[in-house]
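Residue strings, one per chain:
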Amino acid sequence: MERFAVLQPHLETDVPLARAARHAGVPVRTAERWLARYRQRGLAGLARPVRSDAAVRRLPADLVALIEGMGLKKPRASAAAMHRRVSEVAKAHGWRLPSYSTVSTILAALDPAMVTLAQEGAAAFRDRYELIHRHRAAAPNALWQADHTLLDLLILDETGQPVRPWLTTVVDDHSRAIAGTMVFLGAPSTLSTSLALRQAIWRKADPSWPVCGIPDVLSSEYVPRHIFEDMCPSPLCGAAALSV
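Residues numbered from 1 in each chain as written. Predicted model: local features only at pLDDT ≥ 70, side-chain atom pairs only at ≥ 80, totals over all residues. Heavy atoms only, no water.

Caption draft 1: Expanded view of the nonpolar core. Within the largest apolar cluster, 13 residues are counted, with the highest numbers of intra-cluster contacts made by Leu 59, Leu 63, Ile 67, Val 86, Ile 106 and Leu 107. Sorting the residues of this core by element identifies helix H5 (61-72), helix H6 (79-93) and helix H7 (100-108) as the ones contributing at least two each. It is H5 that provides the largest number of residues to this core, a total of 4 residues. Those residues within four positions of Leu 107 in sequence are excluded, and the remaining contacts are Ile 67, Gly 71, Arg 76, Ala 79 and Met 82. (Core = buried A, V, L, I, M, F, W, Y, C linked by side-chain atoms within 4.5 Å. Buried < 20%, exposed > 50% of the residue type's maximum accessible area, 1.4 Å probe, protein only. Helix = DSSP H or I, 4+ residues; strand = E, 2+ residues; numbered from the N terminus. Contact = heavy atoms within 4.5 Å.)

What follows is the structure, given as structure tokens:
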């Protein structure tokens, strides 16, 4: 109501707000802020905002630390049991007794990652919160990856039956460029992967597809080492950097 009294001359008798603020000894900017809040929410907008953690801030730091420690202890007790225990400790030390809602507020504010580590262990913490390492090659042709996918289309096989073909791709890990492909029927095999790899290694007839070379490392399930060595060409592409 003291704030409303500052605004009242302006609201009821059209006194300039700056004059009313100076008369009340209130900065003009403050009066403007009060006026905006009054027009938005009425008298409720002039009330001093109450901090959501005001009750927590009034508790002794040792009592707050005790509640947090109980919230991290394994196995974790119920909030009601912790409230009873904390109330006994507060009474014994002559501290302000916390309400049940205050204890619940402190428990809810605990870091979820810390709670997971305390309650479920390091393995669960790593699975849920730690960044999974993702390897990325530092240069072109340092690492190629060969993978297979079943295409979402139907073609007729040699007997006239509709079947879904497989696609094998060889991808450069650094640039994510496609170095070679192979479409085939039947399950993925060493042969299909080798044919895709052969196209990846050699220069392409299409000048707009300059990706070629010999990778330092090939990640695949279907290419034995001797087949890869047999397909490697002469130094035609060996020193060529992959480019797109």
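Caption draft 2: Seen up close, the pattern of salt bridges. Across all of its chains, the model carries 4 salt bridges by this definition. For Glu 32, the salt bridge is made with Arg 29, and the minimal N-O distance between the two is 3.9 Å. One end of the pair is Glu 32 and the other is Arg 29, both in helix H3 (residues 28-41) and 3 residues apart, which spans about a single turn. Close ionic contact of Asp 152 with Arg 164 constitutes a salt bridge, the shortest N to O distance being 2.8 Å. Of this pair, Asp 152 sits in the loop between strand S1 (143-150) and strand S2 (155-156) while Arg 164 sits in the loop between strand S3 (162-163) and strand S4 (166-172), and the two are 12 residues apart along the sequence. (Salt bridge = Lys/Arg side-chain N within 4 Å of Asp/Glu carboxyl O.)

Caption draft 3: Inspection of H3 at higher detail. In a regular helix each residue adds 1.5 Å, so 14 residues correspond to 20 Å; H3 covers 20 Å between its end C-alpha atoms and thus fits that length. Residues of H3 that are buried include every one of Thr 30, Ala 31, Trp 34 and Leu 35, and no others. For H3, the buried positions fall inside an angular range of 140 degrees around the axis, keeping them on one side. Exposed residues on H3 whose side chains face more than 90 degrees from its buried face are Arg 29, Arg 39 and Gln 40. The inward-facing, buried residues of H3 abut helix H1 (2-13) and helix H2 (17-24). Looking at the residues trailing H3, positive phi occurs at Gly 42, about 75 degrees. (Expected span 1.5 Å × (residues − 1). Arc of directions from axis to C-beta.)

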